[in-house]
Amino acid sequence: MNHIHSYLFSFLCLFCGVYSLSACEDEKLVAAQDTSAESGQTRNSQDESYVEGVAAPYSDAIYPMDYVPREETRQEVLERDTRVRKRISDFWINLNTAITGNTLNAWIDNFTKIATKERSPYLDLTYLCVDYNCPQLKKLLVTKIKDDIKVQYKILLQEIEIDKKNGQSGSLRDLNTTQPAGIIMEDAYCLKRLGAYKGEIKLFIESVIDTHVEGKANYYKGDYLSTGYNKELFALNVAFWVKMLYSDDSTKYPLCKTSFNTVYNALLNYSYDADNSPHYDANTGFNLLLHWGLLLNDEAGLKNSIHIKRIMDRMSRTIMNSGQTAGWGKLMGGVYEGGREYLLDAGIGMTWCLKVGYRLFKDPYYLYMARKYEDFRFNVGCTQWNNDYIDLYPIDINRKDTDADVPAQQTSSLLTPRITSKSKYDGLLLGRGDRDYKQVQDKLILSTGHHPRAPYMLMDLSYTQHKAAPDHRIGIDNFIFNGTHVCTYLGRPAEGFRINRPFIAPKSLSENFPIFNIPEAEVEPNASYYSRLGFDSRFDYVIGNYAVKQLSEDVAYGEVEYTRFQYEGISAKRKMLLLNNGVLIVYDKVASAAGNNRKDVVGVLYNVWPSVAKTGKNWLLQGVHKSSMVKLDSRYDFTGQTLFYFPRTKNNNTMSVKTDPLRNNKSISSVLCSQTELNSGEDAEFITLIIPMRKPDEVETFVSGISVAKEGSVYTVSIPSPSGTAIVAILSPTEASVTTGI
């Protein structure tokens, strides 16, 4: 027996439990009532009602609503815990084998190769020797650390000379000098823990501090304040280790100690937000800040910081259901399997940060996601990631005796906030020691659960801090289903026309829309982009309301509205309905205000990779993508293909598929576009059905059963489903609802 569930979401009911943020200065939670004034009426807005296509109620070419689970079972969570614990057990077995087999020297060398490159690998090995009582390591470590100090000092001097040749003063100023200097100090601290910081090596380290650090660079003069940028925190990391080396001597290096203390206090208690990129956030500044607090025995300071908690919450939510990190800003990732698999990476620091979050806040969700990410990163099958590294500090960081819990009372769709300055750096960054900050938009996340196969979609609304991509704003950045990327852009493109979003341009640039003769930049558009398109992505978007709501166990809803969208007089809104079977229904409206004398072309754009399998007049079938899952299960498909379908709207939009010759990955990436012209006083509407296909060979038959009906301003889209009852979506500027047959 079929049970039909209807989930209505209109502006009359948005007062009832919708999570929404309004673009006011303090970004309070407000009801997401759709009260925005229509900025323009299209000249054909009173078109006759129509029905296009013959609705078919049944098709098994797409996935049934219950194809993937919504939540994990207790058994599935325990199986993952077992895999994670096995890695830890294997680490100790391999170490004991190296000790008994007289291969410890090679074992240490291998460990230093797989540890993080931003910091000294000997820190973890020293913790292992001292805190875990492995004295067999000591003699080898002391020798290797002293040798590493010589290597790092040589690098430091070389980089200082390069800086001088480039017109710099030779003071420590950027990562090329502050990182080797920091590693020297970290190595020295290791020697102190090992009881070997004395004699010539101590005198040498003090000469380095006297010559290059204490009172020399601006960072180390006692009055420094930071914006929180990772490069600044790596510089302060030098001062931190000087403090740790001479914590028992108050007369030594007071300027370094004062600079560090001032910055540390300001970051915890005044203002701080991470750089706005997954691997930067997890492996640089925020990671350093957590280490500082733990090594200073200041867990209370970390725990009491609202900034630490906000970043930790975001970090736990921007890991996708499968365990793979989401990607945004200056992301890190690569394409594998001949272009069929896309793996995004947040580095080895992500799981450590979340384990520290669990230690501080006792939130079981942090431990659940830490292990999910750790399991994915080391067991998914990417040879680049497989290694023997485990977290070692603090001594109980892995919580080996604690089982992760199935998420309870954890909403799967939500908004995350950021903070930025009200007055400094044009509101794009936090000021130094800034106390006058505001909360602004960050990420919009839709999902129907937490199971690794459940759908997950992330939209990056942010524009603040150093690694932000300010022209993304309204794009579908990451969308996975059954562990497979369904609609995710590739790489780090800065330009809005290279991601999955609506985009508008003057008609004078429409000859090959949406392809423009502009080289691809990373993260932030360059000057040629701004001058060619005539807007500045840092400032020319003004957000209105944005909201998410879990409409039911099968449906998540999100919307975002911009009262200014690229240009003065242009507004845009996007509404999204995400279903548990991976179907994403997207409604876009872009309006041009009357009297602004504009003539534009507007379209909705999607990245298609690695190939175009088939196309029709208003649809495209994407090439095969490979599922990325830790545990293969024959009940589920190992690959997936996505249908993009554009139902007719009042504008009679035109679909095209083009290659962008200036994309960095042009060999596997195409641009799918549905577009129309837009003049002053008009608006354009687009509907996109993004559908994972279970039987892609039947795509033509399936699309013949999709229908769209327009009545006034309301569209009714009917999609055949395996239940025998069509999925029916109702879409308009003020309403988005869906009826699923299950």
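Everything quoted here is computed from the prediction, not taken from an experiment. (Residues numbered from 1 in each chain as written. Predicted model: local features only at pLDDT ≥ 70, side-chain atom pairs only at ≥ 80, totals over all residues. Heavy atoms only, no water.)

Novice: Before we go on, may I ask you to explain the overall build of the protein in this structure?
Specialist: Helix and strand counts for the protein stand at 16 helices and 27 strands. In terms of C-alpha radius of gyration, the protein reaches 27 Å, essentially the compact-globule figure of 27 Å for 742 residues. Projected onto the principal axes, the alpha-carbon positions of the protein cover approximately 90 × 55 × 45 Å. Across the 742 residues that make up the protein, the buried fraction comes to 63%. Of all intrachain contacts in the protein linking residues separated by at least 6 positions in sequence, the fraction that spans at least 24 positions is 71%. (Helix = DSSP H or I, 4+ residues; strand = E, 2+ residues; numbered from the N terminus. Rg over C-alpha atoms; globule rule 2.2 N^0.38 Å. Buried < 20%, exposed > 50% of the residue type's maximum accessible area, 1.4 Å probe, protein only. Contact = heavy atoms within 4.5 Å.)

Novice: Before we go on, may I ask you to explain the pattern of salt bridges in this structure?
Specialist: It is possible for side chains bearing opposite charge to pair when their charged atoms get close. Applying the stated criterion across every chain yields a total of 54 salt bridges. With a closest N to O distance of 3.8 Å, Glu161 and Lys164 form a salt bridge. Placement of the pair is Glu161 and Lys164 together in helix α4 (residues 138-165), with a separation of three residues, close to one helical turn. Accessibility expressed as a relative area gives 41% for Glu161, which makes it partly exposed. Arg432 is paired through a salt bridge with Glu232; the nearest N and O atoms lie 3.2 Å apart. Taken together, the residues span a long stretch of sequence, with Arg432 in the loop between β6 (414-421) and β7 (437-447) and Glu232 in helix α7 (residues 230-245) at a distance of 200 residues. Arg432 gets classed as partly exposed once you look at its relative accessible area, which sits at 40%. By sharing partners, the salt bridges in this structure join Asp273, Arg310, Arg314, Arg418, Asp442, Lys443 and Asp460 into a single network. (Salt bridge = Lys/Arg side-chain N within 4 Å of Asp/Glu carboxyl O.)

Novice: Please explain the environment of Gly327 as it appears in this structure.
Specialist: Secondary-structure assignment places Gly327 in the loop between α12 (306-317) and β4 (333-336). The class for Gly327 is buried, based on a relative accessible area of 1%. When the C-alpha positions of Gly327 and Gly491 are compared, they lie 9.0 Å apart, and in sequence the two are 164 residues distant. Not counting residues up to four positions away in its chain, the partners in contact with Gly327 are Pro278, Leu344, Asp477, Asn478 and Tyr489.

Novice: Hey, could you run me through the packing of aromatic side chains in this one?
Specialist: Each aromatic ring pair is described using two quantities: the centre-to-centre distance and the angle formed by the ring planes. Scanning the entire structure with this criterion turns up 40 aromatic pairs. The interplanar angle of 70 degrees and the centroid separation of 5.3 Å between the aromatic rings of Tyr246 and Tyr253 together place this pair among those described as edge-to-face. For the pair formed by Tyr246 and Tyr253, the shared burial category is buried. Through a chain of ring-to-ring contacts, three or more aromatic side chains come together here, namely Phe497, Phe503, Phe513, Phe516, Tyr529, Tyr530, Phe535, Tyr541, Tyr562, Phe565 and Tyr567. It is Arg87 that lies over the ring of Phe378; its NZ or CZ is 3.8 Å from the centre. (Phe/Tyr/Trp six-rings, centres within 6.5 Å; stacked < 30°, edge-to-face > 60°. Lys NZ or Arg CZ within 6 Å of the ring centre and 35° of its normal.)

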